[in-house]
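Inside the fold
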Amino acid sequence: MKIFLDTAEIAEIRWAVGAGLIDGVTTNPTLLSRAAGAGDPRDLLQEICGAVAGPVSAEVVAVDPDGMYREGKELARLADNIVVKVPMLEEGLVAARRLSADGIDVNVTLVFSAMQGLLAAKAGAAYVSPFVGRLDDTGQDGMEVVAQLRTIFRTYEVDAQILAASLRHPRHALQAALAGADIATLPAAVLRQMLLHPLTDRGVDQFLSDWSKLGHHVQAEGTP
Ligand code: E4P
């Protein structure tokens, strides 16, 4: 399973790229407006696209098909690795079909059912984004949508990638991997939590402490 970072904060992206942890980035209008502040979000998107080698999702904010298509074309011109995100609306699917016919990768976002996901894939989406956490918030099992999409896409040999989104904790990431998601997009805090285990820290401490008992017999490389 690939891992994307769900953020528009350039420092977080540089950290995750530097640590070799991520394969791409997803943004949304909320994340971009927060990170760009008074700056131009398009400049920030270009900076993000330069910082990560993989796909970077950038969302349209128009709500009519022509506006979404126009905006999607503009976003795609910002960088070669832009993926245009459109919402799972009838208008969004019309725009998705036109953009993908032009060779632009589209991520259909705000997917809350497997049938929505299937329609998105049929419209030419390269990525379909079920929002797990927001479904959980309503008392439903968001991960079930990921598992259902995996079964449907495998059965009918659908190429679109399942991008599990709105993941809130490392257990969500584990469940997404087990359910067969192609990609999990995670906030930086969740990715950091995935790195950690108290037994790893305790093990390192113990190894270093035992090693230090060798005292003067062992010198770090390069010391006289
Ligand atoms: C994904 O593309 C979305 O930006 C994101 O996962 C939404 O997550 P949230 O429900 O925590 O806002």
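See the structure shown above.
Everything numeric here is computed off the predicted structure, so don't read it as measured data.

1. Section: the site of the ligand
Looking at the ligand, the residues that line it are Asp6, Thr26, Asn28, Lys85, Phe131, Arg134, Ala165, Ser166 and Arg168. One of the side-chain nitrogen or oxygen atoms of Asp6 is found 2.8 Å away from an oxygen atom of the ligand. At 2.7 Å, a side-chain N or O of Lys85 approaches an oxygen atom of the ligand. For the ligand, whose unbound accessible area comes to 340 Å², protein coverage reaches 85%.

2. Considerations on the pattern of salt bridges
With the rule as written, the count across this model stands at eight salt bridges. Two residues, Arg14 and Glu47, come together in a salt bridge whose shortest N-O distance is 3.4 Å. Here Glu47 lies in helix H3 (residues 41-51) and Arg14 lies in helix H1 (residues 10-18), a separation of 33 residues in the sequence. Judged by its relative accessible area of 37%, Glu47 is partly exposed. The residue Asp210 makes a salt bridge to Lys213 at a minimum N-O spacing of 2.9 Å. Looking at Asp210, the relative accessible area reads 33%, which means it is partly exposed. The exposed category is assigned to Lys213, whose relative accessible area is 64%.

3. Overview of the pairing of strand S4 (residues 82-87)
Consecutive side chains along a regular strand alternate between the two faces of the sheet. S4 sits mainly inside the fold: six of its six residues count as buried. Both faces of S4 are covered, namely the face carrying Ile82, Val84 and Val86 and the face carrying Val83, Lys85 and Pro87. Handedness of the β-α-β unit built from strand S3 (residues 56-59), helix H4 (residues 65-78) and S4 comes out right-handed. In the sheet, S4 pairs with strand S5 (residues 106-111) via four bridges, with the strands oriented parallel.

4. A word on the sheet that holds S5
The eight strands are arranged S1-S2-S3-S4-S5-S6-S7-S8 in a closed barrel whose pairing can be described as parallel. Across the sheet, the axes of successive neighbouring strands diverge by a mean angle of 30°, strand direction being ignored. Inspection of the sheet shows strand S1 (residues 2-6) paired to strand S8 (residues 183-186) by four bridges, in the parallel sense. Directly across from Lys2, in S8, lies its bridge partner Ile183. Against the sheet, helix H6 (residues 114-122) engages S5 and strand S6 (127-130), with an angle of about 165° to S5.

5. Focus on the environment of Val111
Within the secondary structure layout, Val111 lies in strand S5. With 86 residues separating them in the primary sequence, Val111 and His197 have C-alpha atoms 33 Å apart. When residues no more than four places from it in sequence are discounted, the contact partners of Val111 are Met88, Gln116, Gly117, Val128, Ser129, Pro130 and Phe131.

6. As for the pairing of S1
Along S1, four of the five residues are buried, which leaves the element largely enclosed by surrounding structure. Note that S1 and strand S2 (residues 24-26) share three bridges and pair parallel. Its bridge partner lying in S2, Phe4 is registered against Gly24. Handedness of the crossover joining S1 and S2 through H1: right-handed.

7. Section: the side chain of Asn107
Summarising the element assignment, Asn107 is placed in strand S5. In contact with Asn107, not counting residues within four places along its chain, are Ser57, Val83, Val84, Lys85, Val86, Tyr127, Ser129 and Leu163.

8. Quick notes on helix H10 (residues 188-195)
The set of residues buried in H10 consists of Ala188, Val190 and Leu191. Buried positions in H10, seen along its axis, are confined to an arc of 160° and lie on one side of it. Looking at the buried side of H10, the elements it contacts are S1, H1, helix H9 (170-179) and S8.

The rules behind these values
Residues numbered from 1 in each chain as written. Predicted model: local features only at pLDDT ≥ 70, side-chain atom pairs only at ≥ 80, totals over all residues. Heavy atoms only, no water. Near = heavy atom within 4 Å. Polar contact = N/O pair within 3.5 Å; in protein donor to acceptor, adjacent residues only side chain to side chain. Areas by Shrake-Rupley, 256 points an atom, 1.4 Å probe, with all protein chains shown as cover. Salt bridge = Lys/Arg side-chain N within 4 Å of Asp/Glu carboxyl O. Helix = DSSP H or I, 4+ residues; strand = E, 2+ residues; numbered from the N terminus. Buried < 20%, exposed > 50% of the residue type's maximum accessible area, 1.4 Å probe, protein only. Right-handed = clockwise from strand over helix to strand, strands pointing away. Pairing = 2+ DSSP bridges. Axes fitted to C-alpha atoms, helices over the stretch in contact; angles between N-to-C directions. Contact = heavy atoms within 4.5 Å. Arc of directions from axis to C-beta.

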